[in-house]
Amino acid sequence: MLTSEMDKIVTFIKDFEDQQKILNNKAPQWLKDFRKQGLTHFTQLGIPTIRDEEWKYTNISPIVQRTYELTFEDGQLLNTEPLERYCDPKEFNLVFVNGIFSQKLSQLKSLPQGVHISTLQEAIVSHDPELEKLLKKYDAKSESAFVALNRALTQDGAYIKIADKVIVNKLIHIIHITNTSDKEIFSSPHTLITLGKSSEAKVLESHLAFSNEMIYFVNALTDIFLGENATLWYCKAQSESLKAFHIGATRIWEERNSNFNGFSLDLGGRIARNNLDVALSGEGGNAILDGLYCVHGGQLVDNHTCVDHREPNATSNQLYKGILNGASRAVFNGKIIVRPIAQKTNSYQLNKNILLGKECLVDTKPQLEIFADDVKCTHGATIGQLNEDEIFYLRTRAIPKRTAIKMLSRGFVDDVLQRIPDESVVRKLNQLLEPIFAAL
Amino acid sequence: MIKAKESKYLNAKTIEENKLSSREYQYGFVTEIEADRIPKGINEDIIRLISEKKKEPTWMRDWRLKAYRHWTTMKEPHWPNFQYGPIDYQGISYYNAPKTKNQDPKSIEEVDPELLKTFEKLGIPLTEQKRLTGVAVDAVFDSVSVGTTHQAELLKLGIIFCSMTEAIHNHPELVKKYMGSVVPHTDNFFASLNSAVFSDGSFCYIPKGVRCPLELSTYFRINAAESGQFERTLIIAEEGSYVSYLEGCTAPMRDENQLHAAVVELIALDNAEIKYSTVQNWYSGDKEGRGGIYNFVTKRGKCLGKNSKISWTQVEAGAAITWKYPSVILQGDNSIGEFYSVALTNHRMQADTGTKMIHIGKNTRSRVVSKGISTDESNNNYRGLIKILPSAENARNYSNCDSMLVGNKCKANTFPYIEVKNSTAVVEHEASTSKINAEQLFYLRSRGLDTEAAVALIINGFCKDVFKELPMEFAVEAIRLLEMKLEGSVG
């Protein structure tokens, strides 16, 4: 592939060729090849359009019409007050500003034995033997365009490794903050979490911006590998600037009898897209994928989940809820695949939407692809409004209409929030939800 | 390499036993009849020839040509979830009429006895004395309608029920006004092809305020080899009228695949109601998937008037490939669209079927109930679209699609698309996929039923929501059809 051809497709990044050279400056050869492969794959696939079935309802042309810059400077945050309010210093915090690790803001002291938390850069420099293997776990050819792009341009990210039989009680909190003044930044963080046999951990990954005026583009990727019997509770909380764009992919690989308990919160971004792919590659795996999205104004939030039952006796459970206000749009596409060998699969999926705004749109497509017979799979989707009778009842109790709407919406949301087992996370998520409920 | 030993379930029957119990497709015979057929292939001359054979007016011929020219610019769609070999559109004879001594029979008695015998064998006696009371039949054999019963009786009420050819001659104003108004000639690849070459079909017009006292029905029969059937049905229900319409179809057993590309258009005006039921039993090919009909059908109804209602009920039990999405455009305020479907696939059948409900008017409601049963090595897909447009205030939809899997080599997929563009809409969708409940099966077996009868009973219950929508005689027929199809696939 000629570089000029690449330039033609990656038009949304300023001086792409030069930037790439800077990126590859110190990288080892295998990483250079790995990045190049990603880029070739991306250029082959091209930028998805609404003619692609996977992007049917999400038009990303507003994202790629702009030009972004990569940044190589150490992340600076002038006002650390909002971050301090959000984080708990007693937990393990990894902070990335504009995609670059900030030693100053992070807290990684007194790591227990068997717990490795570092940045991807550190792991590359220290020649971590497992890293290359993990990065190459997935078949590169089946990757989607934005995953390939992330591969081509990743600078840094979190690298978490939990050894066999280690249970981490403290929350591991990864925070991605974008803070720009004049430049429109492009960042592609890559998080790698790997849990050894019979280990347990809780991870929260937050994407934040402390101003709603900033325009930037985050193309995030999180790869999670769960060993036999491992249990991970993982939450992705996305509260980007309302003018920013977020495209994220989370891939989970589950070995025998492992548990993935996931939650995904989407509040920010002008266009936010999440791909959550779970590969239940061992017998008896279990996956819980819950989600909540609250959008307003002209926001668009798109959640694509795909649960691939590759082995027998696995279960999966999904509950996605959404509140839409103003002229916002929500897309939900939940796919469940049950391979011929995956007998005794139980798989549930439910998507519920409440429309508060006059002009909001919902496109939902729950999808089942079943190739085995001894299975129980159900999916459901509802789209509706708050119950008029319930609002009326509250009003007869002298509660103003607006408060009644807030209370009922809160109740709708709490149902899914209550499924989160960690109090500290619930507190953090509520902190992000607060301004949204105040504006209802 | 040593071949893995075929596993055998505890209560599995041997192949021979299965063969014994599995009844052959009983409509697979061929009628030896001299036919008037045009050369294979499709081009403008062929279309002119078809038009000429049917002594059509110029406007009809021009419409066909327009459709043909558009068709040549289109590509065969390949988005459905099934595979099939290429179709040679030049290898099909597009017009096949049985040659009869009496070219223009005045009544059913004058129809060629050989044809009457064929329909009798299919269980559709056309002769007046033997006819089913309460059902008027239009019988379509290959490319032409061979006879319509009860016409005079219906005409007393002002109801027009005749073949499409007659309608073009006798009621051109109605045909001109409504044909193509629901499924335009540019709609999709197969609808365009049909618009160009359609040979016959049924036409039905119910005048204002009339409740049709009979069930109207059309029976489609493909007989000739290397041909296809391209019929077009048009039903118009004027203000305040009601009609229930049935459709059945069969074809001979052949090793080649035959194409059936039909178009059905329904129009319901203010307060009118149309109920359209189909029991589709085209030849579905043998166990190895050889032969069978490719069923590519475009069916669409338009609730044009206020408070109108269109209800589709289908039992899809045949055809090698089914590609069919009976839809309703809910344009009039307060109109209702319904879709009830049972799709059964066995052997190597492939079905991609479902519905589209397009809500345009205010307070429109729709209900979708779909049951899919897949057995053997078949592939059964539900694909549906619920679209609530911004103008559809207070629209309401409920969809339910359940799939049942019998055997571990079959596939069942669901692709429901829900697009809501109005915030006052209430939309619900639920779907499930499972196998036959082992406990239920055990219970029935403990009561002395054999596995086959038990499975038939459970499936019967599974499909009950749909069967109860069918007219009485058809429901009985449909239950029997499912039982017959399931024979030998359970064990």
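The shown structure was predicted, so the numbers you read here are calculated from the model rather than taken from an experiment.

Basis of the calculations
- Here the residue numbering is sequential within each chain, running from 1 through the sequence in written order.
- Both sets of labels track the order of writing: A upward for chains, 1 upward for ligands.
- Selection of residues for local features in this predicted model requires a pLDDT of at least 70, selection of side-chain atom pairs for listing and counting requires 80 or more, and totals for whole chains, interfaces and linings are taken over all residues.
- Excluded from the side-chain calculation are hydrogens and water; included are all heavy atoms of the structure.
- Ring geometry is summarised as follows: Phe, Tyr and Trp rings, the Trp one being its six-membered ring, pair when their centres sit within 6.5 Å, and such pairs are stacked at plane angles under 30 degrees, edge-to-face over 60 and tilted between the two.
- Only DSSP runs of H or I covering at least 4 residues are called helices, and only runs of E covering at least 2 are called strands; the numbering of each starts at the N terminus.
- Three labels apply to residues, based on accessible area from a 1.4 Å probe with only protein chains included: buried if under 20% of the type maximum, exposed if over 50%, partly exposed otherwise in between.
- Should the NZ of a Lys or the CZ of an Arg lie within 6 Å of a ring centre and within 35 degrees of the ring normal, that charge is described as sitting over the ring.
- Two strands are counted as paired when DSSP detects at least two bridges linking them.
- Counted as salt bridges are all cases of a side-chain nitrogen of Lys or Arg within 4 Å of a carboxyl oxygen of Asp or Glu.

### Here's the deal with the packing of aromatic side chains
Alright, step 1. Following the criterion strictly, the structure yields 32 aromatic pairs over all chains and no others.
Alright, step 2. Residues A:Phe12 and A:Phe217 carry aromatic rings whose centres are separated by 6.2 Å and whose planes lie at 50° to one another, so their mutual orientation is tilted. In this pair, A:Phe12 sits in the loop between α1 (3-9) and α2 (16-24) while A:Phe217 sits in strand β9 (residues 217-226), placing the two residues 205 residues apart along the sequence.
Alright, step 3. The exposure class of A:Phe12 is buried, given its relative accessible area of 0%.
Alright, step 4. Ring pairs connect the aromatic residues B:Tyr68, B:Trp71, B:Trp79, B:Phe82, B:Tyr84, B:Tyr89, B:Phe189, B:Phe190, B:Tyr294, B:Phe296, B:Trp323 and B:Tyr325, which therefore count as one cluster.
Alright, step 5. Lying across the ring of A:Phe437, A:Arg410 places its NZ or CZ 5.0 Å from the centre.
Alright, step 6. If you follow B:Arg383 out to its NZ or CZ, it ends over the ring of B:Phe415, 4.6 Å from the centre.

### Details of the pairing of strand β7 (residues 190-195) of chain A
All names here are of chain A.
Alright, step 1. Buried residues dominate β7, accounting for six of its six residues.
Alright, step 2. Taking every second residue as pointing to the same face, both faces of β7 are buried, with His 190, Leu 192 and Thr 194 on one and Thr 191, Ile 193 and Leu 195 on the other.
Alright, step 3. With four bridges joining them, strand β4 (residues 158-162) and β7 adopt parallel strand pairing. When the sheet's bridge partners are listed, Tyr 159 is paired in β7 with Leu 192.
Alright, step 4. With six bridges joining them, β7 and β9 adopt parallel strand pairing. Of the residues in β9, the one forming a bridge with Ile 193 is Ile 224.

### Details of the pattern of salt bridges
Alright, step 1. Tallied over the full model, the rule gives 37 salt bridges over all chains.
Alright, step 2. For A:Arg66, the salt bridge goes to A:Glu184, with nearest N and O atoms at 3.1 Å. Here A:Glu184 lies in the loop between β5 (172-177) and β6 (186-187) and A:Arg66 lies in the loop between α4 (61-64) and α5 (81-86), a separation of 118 residues in the sequence.
Alright, step 3. Residues B:Lys387 and B:Glu419 are paired through a salt bridge, measuring 3.9 Å at the closest nitrogen-oxygen approach. With B:Lys387 in strand β22 (residues 379-388) and B:Glu419 in strand β24 (residues 411-420), this pair connects stretches of sequence that are 32 residues apart.

### A few points about the side chain of A:His309
Alright, step 1. Checked against the element boundaries, A:His309 lands in strand β15 (residues 300-309).
Alright, step 2. A residue is classified by how much of its surface remains accessible, and A:His309, at 0% relative accessible area, is buried.

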